[in-house]
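Structural overview for review
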Amino acid sequence: MERDTKGLLSARAHTRQPALDGMRALFVLGVIAYHLWADSHGWKIDPGNVGVVGFFALSGYLITGLLIKEHDQTGRVHMSYFYARRALRLLPALCFFLFVWLAVDLLFQHGQFLSTVPSGHSPGSPVSWITGLEAVSAALLYVTNWLNVEPNWHLWFGYSPISHLWTLAVEEQFYVIWAPVMVLLLRLRRHAATLVAAAIALVALIEPLFLSGATFNRVYFGTDTRCAALFCGALCAFIGSTDGWRALRTARWAPLLGAGIVGAILWSNYALRQEGNRGVWNAGLIVCSLACALAVVFVVERPHRAAARALSSPLLVAIGKRSYALYLWSYVLNTWLRDTGAFEPLLVILTSFAAAEISYRFVELPALRFKHHFATTDTTDTIGRPSVPALAELEEAEVEEKVLM
């Protein structure tokens, strides 16, 4: 009976939910808006950093939940298949982006427009093919964040024009470390594993508090200091695997919780802008990590309520499905098109969405068609329904057909 209950819960939580795409849309729009206007207009809030934390929380929740579901239904976690699916999801679009960026870098060597980052106040250093290759290599090896910790460690001697890929590096490092840890945790009783996950999340949350003597770059870009939201999302998935969120589905106090989550995220927008006040900034990171993870749970467990319905609007869902490509391209296009006049924001937005659409249709979706080669062999659960890995493949195929028709 316990096995069947877990299957029911995971099937609800990990079938594709439009509201989660809506959340992705809000997160990526926050990032784009921050890069476009925050410094030039003196914003006192940081929706970009909140968007990054939100993406981390969502990723930690979904990845952990899928690994739990695979283990519950097949008795194991197929590590090579897991990494193959992650590679098919992330690498093709990344390689396409890096190929185009490096080609432009080689064609326009020493063009300062290539390295004038959105948050900068002066042109960047001239770009050479050597520094371009270094940046691409760092991105492909997923170590961009650690090069940003100490700029003098690399050839840019400053902020790399594709330095925004530090967040992708953190997430990939999480995948590399967390999947083997999950294999060990899933050998424990579920409640014991949940307690261990809670302890890991707690350590990740409070670690920045003990690095007051470190540089701000060390805290801002470090994998260990920025993975708190990933682990908070993972913890929420563990709690869900024991049906620990069932009260949330019908509780009368749930709207108050939702309002509290929104309030916490709004306050985090302010706190994460206070980079000169490490205490407030650290508090903002803790609050934002917890609030974003709970926001994911709130939407998953209440899919037919007002919040989920609002996030499921067709426009937000469409943007959310393209959020990865928007993340890759918007920062660089903001760099290239900087100082182009009054129409700069419009140009950045239009070209970002155009590039994202090309990447989504002609790179990401074709690559996802190969994911069925890396599905788990057990494709049905104990009562004859498709398992979640197989169900996810079917859903992605349906999405592809609808988009390409």
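Structure's up top.
None of these values were measured; they are calculated from a predicted model. (Residues numbered from 1 in each chain as written. Predicted model: local features only at pLDDT ≥ 70, side-chain atom pairs only at ≥ 80, totals over all residues. Heavy atoms only, no water.)

**A short note on the pattern of salt bridges**
All chains considered together, the criterion is met by 10 salt bridges. Taking the shortest distance from any N to any O, the salt bridge between arginine 273 and aspartate 39 comes out at 3.5 Å. Here the residue arginine 273 occupies a position in the loop between α12 (254-271) and α13 (278-301), and aspartate 39 occupies one in the loop between α2 (18-38) and α3 (47-74), the gap between them amounting to 234 residues. Among the charged side chains, a salt-bridge network with shared partners connects Asp243, Arg249 and Glu301. (Salt bridge = Lys/Arg side-chain N within 4 Å of Asp/Glu carboxyl O. Helix = DSSP H or I, 4+ residues; strand = E, 2+ residues; numbered from the N terminus.)

**Thoughts on the packing of aromatic side chains**
Per the stated rule, a full pass over the model turns up 16 aromatic pairs. Seen in terms of ring centroids, tyrosine 324 and tyrosine 327 are 6.3 Å apart; in terms of plane orientation they differ by 20 degrees. Their pairing is stacked. On the criterion of helical spacing, the pair formed by tyrosine 324 and tyrosine 327 is a turn pair, its members being 3 residues apart in helix α16 (residues 323-336). Accessibility assignment for this pair places tyrosine 324 and tyrosine 327 in one class, buried. An aromatic cluster is present here, built from Phe82, Tyr83, Phe174, Tyr175, Trp178 and Phe231 joined pairwise through their rings. Just above the ring of tyrosine 220 sits the side chain of arginine 226; from NZ or CZ to the centre is 4.9 Å. (Phe/Tyr/Trp six-rings, centres within 6.5 Å; stacked < 30°, edge-to-face > 60°. Buried < 20%, exposed > 50% of the residue type's maximum accessible area, 1.4 Å probe, protein only. Lys NZ or Arg CZ within 6 Å of the ring centre and 35° of its normal.)

**Looking at the environment of tyrosine 220**
Topologically, tyrosine 220 is positioned in helix α9 (residues 216-221). Residues tyrosine 220 and proline 208, 12 residues apart in the sequence, show an inter-C-alpha distance of 9.1 Å. Setting aside residues up to four positions removed in sequence, tyrosine 220 forms contacts with Asn49, Trp166, Arg226, Glu275 and Trp281. (Contact = heavy atoms within 4.5 Å.)

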